[in-house]
Amino acid sequence: MFCSKCGNKLDPSNKFCNKCGNQVQNQQLNNYQQPNYSQNQYSNYQNVPTYQMPSNYQGPKSGNNLAIIIAIVSFLAIILITLLLIPDKNNPVSNQPNNPQNNQQNNQQSNYPNNQPDNLPAKDRTIMIYMTGSDLEDDGFASNDLDDIVPAKTDLENVNVILIAGGARSWKNSYITASETGIFELTETGFEKVKKYQPVRNMGDSNLLSEFLNYSYNNYRAKKYDLILWNHGAGIFGTNVDIISNDMLSITEFKEALARSPFNKNNKLEYVNLIACLEGNLEYAIVLSEYANYMVASEEVSLASPEFDKLDSLTQVATTDNAFAISKKFIEHYVEGLTEYENYYNSFNEYSLSASDREYLKQQKKSFKSQTYSIIDLTKISDLKNAISDFFSSIDVNTNYKTIARIRANTVQYGQVAGSNDYDSVDIYELVNSLRSLSPTKADKVLNALKNAVKYNWSNNNYSNGLALYFPYYGKVSNITNAIGYRKIISTNDAYNDFITKFFALKSSYSNMNWAFEEDSSSLTSSIKVNSEFGFYLTKEEALDYVKANYQIFRKYNNNYIPIYSSSNIEFDKNKNYLKVNYTNRGLKVNNEIRNIYLKEVSNDGEFITYSIPVKLYNDNSESSLANLTYYFDIKNNYGYVGEVTLVSESDLTVGMIAVNLKDYKYIEFTNTAYNITKDNKYTEDWKMVKDVETTKLKTENLKIELVDLADKYDYVAVIQVYDAYGNGHYTPLIKIEN
């Protein structure tokens, strides 16, 4: 294909000649042909740790298995034939972009040439949306966000909106199909396809992201460029989970894609908005600081819901809007979505609350207490990175290990609100301020650099200050190993990497020893009365190792034990080495009946106690969805109410809070599990699960939920779990609770 004006050879996908700027006529949709990523061209990425999909991942639902298998077999056959016909004798693996030989770290700026001719008409802004539908699109959340982009409200004379979409089993709109990966342009009549890839491309492949960036840059000239990534997030491990390919875009692959794009320190993106969970961290800010001016992201799990329209505010921009103004409007719009969702659960509580309590609840707007979003000035990240490196290099890990471990264990970790301990991400301010006594002057430099970097922070909790940091503690060993490897690639010459490597080695080197109360339980009471204070003493050595504790309440049921309540409301008196258990005998009554429901206390800020309850939701055709129901208890006003209800993400790689309305489901079932007790009357984490507890499906309509004191015919026991500085759990014998 050649330019009709100057004769220059063109890529069939180009809209304009990259030599003279002439507009290309009669552009055709073209099937994708795999580019040749040669060894010489992309040889700077090597030994990148790969965060693998879990071995127990179920893959796509059975309805699409045959089509997917046929597509995969066809694609592999094409590749095999191509390799046989056109072999690379000098380097047989050079045409495989995912081969480790092609994945060596690139510490230099991209040398990608600026192919845009000076006379190519330029709009004010090009907005690039990289959308991976995954399981979120099963419920239409991706399409819902796209439907809220209204062409009539978008200044198309001055703004390009370019979308690439894939990675879902099916799509709930008329223009995207799961059988191909498409690029779309927003026009006056909606999104129109301008390019397609067949076979379907992997949205977790860095090559596809870099191709999309290059395509948008070459064909949609603008003064400013914005990038939006839409999907699940997994903290330092990556984002954009493609459930068709069983893959996601790791943070190092994200760095690769940007390095192969037209953007660099002299040609930066205006902002990058990571509409995904857990990506508001220093690690992503370090990667993006070379390629963008601002980053918009959430430290915590963010919400997906029909009520949370995230993209319309980002596309309804004026030529006078700068990156900060656009990003702030996005966050304000997100907060408005929280308010809209609150109206759902406020009406749902009408069967559990009096009219006056419902009105008070409406005024308080107390829900989603984990939510936060920030705007980060990426030009300040280098100073923050250096300050953190300097601060941690001044701390002797060996001498201060137990102090550091105690602080780290009690710092709120992001992702736990959705039931995951894997992400090991904590707020920088909360962590450094707690460690300040170990190096006050350098800690203050970190906090000052953080203040300069966080341009704007909205949060409805008291532990999120704008930017998180990876600090290994609770995660699986394999995940921690990968994460430290990622960090060493994206942040070179960083003493903080050495610090967390040493810390993790110390945590892993300790052999677990029984504590005194495990060997001799005579110091413990064998029974406690309801609502009575109780506790026990630790030895001097145990007190030095202590970091935190929690307790579990079990109901004895048909010779098995069912977990009913758990809480970490335990105080440690370091002067007396005494653990005081603030026991409560609360449980849930549903429709005026006490049931075998597990109530987990997630947080207690002195005003509200937040509980998480595992449930199953059923629609009209009896299909079930696992979910978590959040229940809030107002301590001052002494009443509780149902808050958000969120579906459990099917991917073990990521967490998700997919907010739904209970009224959209016909039945609810409260799930729980029965356990066998060990012969020595002691609880361990290896208790044998007997079976799922049989519960009754209840209609969501007129459902009444109350928090009550447990005073019934059943026997109850308590177990206290004490954790040492090395992550080992120590368990008391079962303690009988007397009514």
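Structure first, text after, so check above.
Note that the structure is a prediction, hence the values are computed from the model and not measured.

A. Seen up close, the overall build of the protein. Assigned secondary structure in the protein consists of 16 helices and 36 strands. Taking the contacts inside the protein whose residues are at least 6 apart along the sequence as the reference set, 72% of them involve residues at least 24 apart. When the accessible surface of the protein is split by element, carbon and sulfur atoms take 44% of a total near 31600 Å².

B. The arrangement of helix α9 (residues 381-393) in detail. The end-to-end C-alpha distance of α9 is 18 Å, a good match for the 18 Å that 13 residues give at a rise of 1.5 Å each. Buried residues of α9: Ile 381, Leu 384, Lys 385, Ala 387, Ile 388, Ser 389, Phe 391 and Phe 392, and no others. Against α5 (282-288), β11 (372-377), α11 (428-434), α12 (440-453), β15 (468-470) and α14 (495-509) lie the buried residues of α9.

C. Local environment of the packing of aromatic side chains. Within the structure shown, the criterion is met by 34 aromatic pairs. Between Tyr 401 and Tyr 726 the ring centres are 5.0 Å apart and the planes differ by 20°, which places this aromatic pair in the stacked class. Taken as a pair, Tyr 401 in helix α10 (residues 397-409) and Tyr 726 in the loop between β34 (716-724) and β35 (729-731) lie far apart in primary sequence, 325 residues in all. Each of the two residues, Tyr 401 as well as Tyr 726, counts as buried. Clustering of aromatic rings is evident, with ring pairs tying together Phe 391, Phe 392, Tyr 401, Phe 471, Tyr 473, Tyr 474, Tyr 496, Phe 499, Phe 503 and Tyr 726. Between the NZ or CZ atom of Arg 201 and the centre of the ring of Tyr 197, over which it lies, the distance is 5.2 Å. Just above the ring of Tyr 618 sits the side chain of Lys 697; from NZ or CZ to the centre is 3.9 Å.

D. Spatial organisation of the side chain of Asp 321. For Asp 321, the location among the structural elements is in the loop between α6 (312-315) and α7 (323-348). For the buried residue Asp 321, which engages in no salt bridge, the nearest side chain bearing the opposite charge is Lys 329, 4.2 Å off. Polar side-chain contacts of Asp 321 include one of 2.9 Å to the backbone nitrogen of Ala 318.

E. Inspection of the packing of helix α4 (residues 251-259) against helix α13 (residues 477-490) at higher detail. Packing of α4 against α13 leaves a shortest axis separation of 9 Å and a crossing angle of 25°. For the element pair α4 / α13, the angle class is roughly parallel. Only Tyr 486, Ile 489 and Ile 490 of α13 make contact with α4, whose side of the interface consists of Ile 251, Thr 252 and Lys 255. A class-by-class count of the residues in the contact of α4 with α13 yields four nonpolar, one polar and one charged.

F. Layout of the sheet that holds strand β21 (residues 578-581). Strands sit in the order β17-β21-β20 across an open sheet of three strands; the sheet is antiparallel. Every other strand in the sheet has two partners, leaving β17 (534-537) and β20 (570-573) as the edge strands with one partner each. Each strand of the sheet is rotated relative to its neighbour by a mean of 20°, with strand direction disregarded.

G. Expanded view of the pattern of salt bridges. Overall, the coordinates contain 16 salt bridges when judged by the stated rule. Note that Glu 256 is salt-bridged to Arg 260, the shortest N-O span being 3.6 Å. Neither Glu 256 nor Arg 260 differs from the other in exposure class; each is buried. Each of Glu 283, Arg 487 and Asp 494 takes part in a single network of salt bridges with overlapping partners.

H. Looking closely at the sheet that holds β15. Pairing is antiparallel in the open sheet, where three strands are placed in the order β12-β13-β15. In the strand order of this sheet, the two ends are held by β12 (413-414) and β15, each with one partner.

I. Representation of the nonpolar core. By size, the foremost hydrophobic cluster in this structure holds 105 residues, and its most contacted members are Met 295, Ile 381, Leu 384, Phe 392, Ile 428 and Leu 467. Listed in part, the 93 residues of the second largest apolar core include Trp 515, Tyr 631, Tyr 665 and Ile 720.

J. Expanded view of the packing of α9 against α12. Between α9 and α12, the shortest axis-to-axis distance is 9 Å and the interhelical angle comes to 160°. By the criterion of interaxial angle, the relationship of α9 to α12 is roughly antiparallel. Considering the relative orientation of α9 and α12, their crossing is left-handed. Within the contact between the two elements, α9 uses Ile 381, Asp 383, Leu 384, Ala 387, Ile 388, Asp 390 and Phe 391 and α12 uses Lys 442, Ala 443, Lys 445, Val 446, Ala 449, Leu 450 and Ala 453.

K. Representation of α4 within the structure. Burial analysis of α4 places nine of its nine residues in the buried class, the great majority of the element. Those residues of α4 that sit buried are Ile 251, Thr 252, Glu 253, Phe 254, Lys 255, Glu 256, Ala 257, Leu 258 and Ala 259.

L. Layout of unusual backbone geometry. Note that the residue after Gln 198, namely Pro 199, is joined by a cis bond; omega there is 0°. Relative to the elements of secondary structure, Pro 199 occurs in the loop between β4 (190-197) and α3 (206-219). Positive phi values are uncommon outside glycine, yet Leu 278 reaches one of about 65°. Among the structural elements, Leu 278 can be located in the loop between β8 (269-275) and α5. Judged by its relative accessible area of 1%, Leu 278 is buried. The phi dihedral of Asn 577 is positive, around 55°, even though this residue is not glycine. Mapped onto the elements of the fold, Asn 577 is located in the loop between β20 and β21.

M. Fine view of the side chain of Glu 601. Mapped onto the elements, Glu 601 comes out in strand β24 (residues 599-604). One buried charged side chain, Glu 601, makes no salt bridge at all; its nearest oppositely charged neighbour is Arg 586, positioned 6.0 Å away. Engagement of the side chain of Glu 601 in a polar contact is seen with the side chain of Tyr 565, the distance being 3.0 Å. The contact partners of Glu 601, leaving out residues within four places of it in the chain, are Tyr 565, Ser 566, Ser 567, Asn 569, Ile 609, Thr 610 and Tyr 611.

N. Molecular detail of the environment of Leu 599. By the secondary structure assignment, Leu 599 is in strand β24. Classification of Leu 599 by relative accessible area gives buried; the value is 0%. For the pair Leu 599 and Pro 614, spaced 15 residues apart in the sequence, the C-alpha separation amounts to 8.3 Å. In contact with Leu 599, not counting residues within four places along its chain, are Ile 564, Tyr 565, Ser 566, Gly 587, Leu 588, Tyr 611, Ser 612, Ile 613 and Leu 707.

O. A look at the environment of Ile 613. Its place among the elements puts Ile 613 in strand β25 (residues 608-618). Look at Ile 613 and you get buried, because its relative accessible area is 0%. Sequence-wise, Ile 613 and Asn 628 are 15 residues apart; in three dimensions their C-alpha atoms are separated by 5.5 Å. Apart from residues no more than four positions distant in its own chain, Ile 613 is found in contact with Leu 588, Ile 597, Tyr 598, Leu 599, Ala 627, Asn 628, Leu 629, Tyr 631 and Phe 670.

P. Structural view of the pairing of β20. Looking at chain direction, β20 and β21 are connected through four bridges and run antiparallel. Looking at β21, one finds that Ile 570 is bridged to Val 581. Where β20 folds back onto β21 in an antiparallel hairpin, the turn is made up of four residues, including Asn 577, whose phi is positive at roughly 55°.

Q. Broad picture of the environment of Ala 168. Its location among the elements puts Ala 168 in the loop between β2 (159-166) and β3 (181-187). The class for Ala 168 is buried, based on a relative accessible area of 3%. Taking the C-alpha atoms as reference, Ala 168 lies 9.7 Å from Ala 142; in sequence the two are 26 residues apart. Residue contacts for Ala 168: discarding those within four places in its chain leaves Gly 133, Ser 134, Glu 137, Ala 178 and Ile 244.

Rules used throughout
- Residues numbered from 1 in each chain as written.
- Predicted model: local features only at pLDDT ≥ 70, side-chain atom pairs only at ≥ 80, totals over all residues.
- Heavy atoms only, no water.
- Helix = DSSP H or I, 4+ residues; strand = E, 2+ residues; numbered from the N terminus.
- Contact = heavy atoms within 4.5 Å.
- Areas by Shrake-Rupley, 256 points an atom, 1.4 Å probe, with all protein chains shown as cover.
- Expected span 1.5 Å × (residues − 1).
- Buried < 20%, exposed > 50% of the residue type's maximum accessible area, 1.4 Å probe, protein only.
- Phe/Tyr/Trp six-rings, centres within 6.5 Å; stacked < 30°, edge-to-face > 60°.
- Lys NZ or Arg CZ within 6 Å of the ring centre and 35° of its normal.
- Lys, Arg positive; Asp, Glu negative; His and termini not counted.
- Salt bridge = Lys/Arg side-chain N within 4 Å of Asp/Glu carboxyl O.
- Polar contact = N/O pair within 3.5 Å; in protein donor to acceptor, adjacent residues only side chain to side chain.
- Axes fitted to C-alpha atoms, helices over the stretch in contact; angles between N-to-C directions.
- Parallel < 35°, antiparallel > 145°, perpendicular 65-115°, else oblique.
- Nonpolar A, V, L, I, M, F, W, Y, C, P; charged D, E, K, R; others polar.
- Pairing = 2+ DSSP bridges.
- Core = buried A, V, L, I, M, F, W, Y, C linked by side-chain atoms within 4.5 Å.
- Left-handed = near helix turned anticlockwise from the far one by under 90°.

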